[in-house]
Amino acid sequence: MKPFTYERAATPAEAAAAAARGTGTRFIAGGTNLLDLMKLQIETPTHLIDVNGLALDTIEPTEEGGLRIGALVSNTDLATDARVRRDYGLLARALLAGASGQLRNKATTAGNLLQRTRCPYFYDTNQPCNKRHPGSGCAAIGGVTRQLGIVGTSEACIATHPSDMAVALRALDATVETVRADGAARAIPMADFHRLPGDTPHIETALEPGELITAVVLPKPLGGRHVYRKVRDRASYAFALISVGAVIQPDGTGRVALGGVAHKPWRVEEAETAMPRGGRAVTERLLAGARPTRENAFKITLVERTLDAVLAEARG
Ligand code: SF4
């Protein structure tokens, strides 16, 4: 691991201002992804700002009838909160499908959103990777692509976002609250928070330099049946080949978002009008324009069949 300096921030605004002062600065909370990346020298920050003391670890009701989830709420505390389990079952189920119990105890809400891709070439420092070293190329294109993206990909990167939680937050239309380096707050819809790779796959979110996530806000509950299905190569502690997060109303209408197919949680609102007609009709719209490789074209059929299973489960 490369040497780095370390400080504890006293307030969110102070943390954001301190982070914007240097180029090699990173925030650290649970550290469940960042520390691994530092040991592998994929991330080499020169300065860490510890945000664990920022009192952002509560879940509070909002005036609009939703919930404000502090950025430092652990994945375990969020998944087991009685209000989340009752009103946002999709979120609780997605969280419990991710990682392991030990990791969920340490991983935070903000950190979960900001975790990096699990593309194997990103972790192999002997391979070119535009996300790790912009302009170096992409070893995954033409390589082993079974786990990688099928939609929204680019000539520069075909990686997927690994978060289960983010899929649920996208389906629920959550908002990410932040504080910028100048102390100003802003709210970013989940739809705009993660970026597609384009020519700049190293820029993964809408966050500006130094900008700190302070909370995630859920709108008032949608009702309906909440289902999260994650299809993976082993039953636990594995990232999704694909995942389907859905909220389905008694009349068959609803919302659906996918994990494991794109550089961001994947949702196409227009596709949801086809939900009463079944998985194939939704998938045709949801994955229109998909450019799978020969190795991962199976994901299209897998999405279709998993959606059918989710719709059947919601019908009871
Ligand atoms: Fe890197 Fe993206 Fe290519 Fe993977 S797919 S090697 S993360 S540029």
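Everything here concerns the structure above.
Each chain has its residues counted from 1, running along the sequence as written. Residue-level local features of this predicted model are given only where pLDDT is at least 70; pairs of side-chain atoms are given and counted only at 80 or more, and the full residue set underlies all totals for whole chains, interfaces and linings. Heavy atoms from the whole structure form the basis of all side-chain values; hydrogens and water molecules are not counted.

A short note on the nonpolar core
Counted only if it meets this: The definition of a nonpolar core used throughout is a set of buried Ala, Val, Leu, Ile, Met, Phe, Trp, Tyr and Cys residues joined through side-chain atoms within 4.5 Å. The classification of residues rests on relative accessible area computed with a 1.4 Å probe and restricted to protein chains. Under 20% of the type maximum is buried, over 50% is exposed, and intermediate values are partly exposed. The secondary structure listing takes helices from DSSP runs of H or I that are at least 4 residues long and strands from runs of E that are at least 2 residues long, numbered from the N terminus. We call two residues in contact whenever any of their non-hydrogen atoms come within 4.5 Å of each other.
L78, L91, L113, L169 and L218 are the most contacted members of the largest nonpolar core, which has 48 residues in total. A per-element tally of this core places helix α8 (residues 165-171) first, with six residues. When sequence neighbours within four positions are dropped, the list of residues in contact with L78 reads I59, I69, V73, V84, L91, L95, T109 and M165. A246, V261, W266 and L286 belong to the second-largest nonpolar core, a separate cluster that totals 24 residues.

Remarks on the environment of L311
Turning to its location among the elements, L311 is positioned in helix α11 (residues 298-315). Between the C-alpha atom of L311 and that of M275, which follows or precedes it by 36 residues, the distance is 8.2 Å. Not counting chain neighbours up to four residues away, the residues in contact with L311 comprise I248, M275, G278 and G279.

A word on the packing of helix α10 (residues 279-286) against α11
How two helices pack is summed up by the angle between their axes together with the distance between the axes. The line we're drawing: Simply put, an axis is a line fit to the C-alpha atoms, just over the touching stretch for a helix, and the angle between two N-to-C directions goes from 0 to 180 degrees. Note that the term roughly parallel is reserved for angles under 35 degrees, roughly antiparallel for angles over 145, roughly perpendicular for angles of 65 to 115, and oblique for everything else. For any pair of crossing helices, the crossing counts as left-handed if the nearer helix is rotated counterclockwise from the farther one by less than a right angle, and right-handed if it is rotated clockwise. By the convention adopted, Pro, Cys, Tyr, Trp, Phe, Met, Ile, Leu, Val and Ala count as nonpolar, Lys, Arg, Asp and Glu as charged, and the other residues, Gly among them, as polar.
It is at 8 Å that the axes of α10 and α11 come closest, and there the two elements cross at 135°. Comparing their axes, α11 and α10 come out oblique. For the crossing formed where α10 meets α11, the hand is right-handed. For the pair α10 and α11, the contacting residues are G279, R280, V282, T283 and L286 in the first and I300, V303, E304, L307, D308 and L311 in the second. Looking at side-chain class alone, the contact of α10 with α11 contains six nonpolar, two polar and three charged residues.

Thoughts on helix α5 (residues 89-96)
Of all eight residues in α5, six are buried; the element is thus mostly enclosed. Regarding α5, the residues found buried are G89, L90, L91, A92, A94 and L95.

Observations concerning the pairing of strand β2 (residues 25-28)
Where we set the bar: In short, DSSP must find at least two bridges between two strands for them to pair. Here is how to tell: hold the view so the strands point away, follow the path from the first strand over the helix to the second, and if it runs clockwise the crossover is right-handed.
With four bridges connecting them, β2 and strand β3 (residues 47-50) associate as parallel partners. Residue T25 lies in a different strand from β3, and its bridge partner there is H47. Regarding the hand of the β-α-β motif, the stretch spanning β2, helix α2 (residues 34-39) and β3 is right-handed.

Describing the pattern of salt bridges
This is how it is decided: One speaks of a salt bridge when a side-chain nitrogen belonging to Lys or Arg is within 4 Å of a carboxyl oxygen belonging to Asp or Glu.
Taken as a whole, this structure holds 21 salt bridges when the rule is applied. In this structure, the salt-bridge partner of R267 is D173, at a minimum N-O distance of 3.1 Å. With R267 in the loop between β11 (254-259) and α10 and D173 in the loop between α8 and β6 (175-179), this pair connects stretches of sequence that are 94 residues apart. Look at R267 and you get buried, because its relative accessible area is 9%. Linking E272 and R267 is a salt bridge whose minimum nitrogen-to-oxygen distance equals 2.7 Å. In the salt-bridge network here, residues are joined through shared partners; they are R170, D173, R255, R267, E269 and E272.

Notes on the site of the ligand
Inclusion rule: In these notes, residues near a molecule or strand are those with any non-hydrogen atom within 4 Å of it.
Every one of the 13 residues lining the ligand counts as a neighbour, but C119, C129, C138, C157 and I158 are closest to it. Of the residues in the shell around the ligand, the class split is 11 nonpolar, one polar and one charged.

A word on the sheet that holds strand β10 (residues 242-248)
One open sheet holds the three strands; their spatial order is β9-β10-β11, and the pairing between them is antiparallel. Either end of the sheet is taken by a strand with one partner, and the two such strands are β9 (225-231) and β11. Taking each pair of neighbouring strands and ignoring which way they run, the sheet shows an average axis angle of 10°. Looking at chain direction, β10 and β11 are connected through six bridges and run antiparallel. Bridging from a neighbouring strand, V247 pairs with R255 of β11. Packed on one face of the sheet, α11 meets β9, β10 and β11 and runs near 30° to β10.

Remarks on the sheet that holds strand β8 (residues 212-218)
Strand order in the open sheet formed by five strands is β4-β5-β8-β6-β7, and the pairing between neighbours is antiparallel. The sheet is open, and its two borders are formed by β4 (59-61) and β7 (185-189), each paired with just one other strand. Each strand of the sheet is rotated relative to its neighbour by a mean of 25°, with strand direction disregarded. The sheet contact formed by β6 and β7 spans five bridges and is antiparallel. Bridge pairing in β7 places V179 opposite A185.

Considering the side chain of E211
To be explicit about the condition: N or O atoms within 3.5 Å of each other form a polar contact, as long as, within protein, one can give a hydrogen and the other can take it, and as long as residues adjacent in sequence are counted only when both atoms are side-chain atoms.
Here E211 is to be found in the loop between α9 (190-193) and β8. In this structure the side chain of E211 is engaged in a polar contact, spanning 2.5 Å, whose partner is the side chain of T178. Other than its neighbours up to four places away in sequence, E211 contacts F27, T178, V179, R180, R186, I188 and A206.

Some remarks on the side chain of K264
Inclusion rule: Counted as positive: Lys and Arg. Counted as negative: Asp and Glu. His and the chain ends are not counted at all.
Note that K264 resides in the loop between β11 and α10. Despite its burial, K264 pairs with no opposite charge, the nearest such side chain being D192 at 5.7 Å. A polar side-chain atom of K264 sits 2.8 Å from the main-chain carbonyl oxygen of A191.

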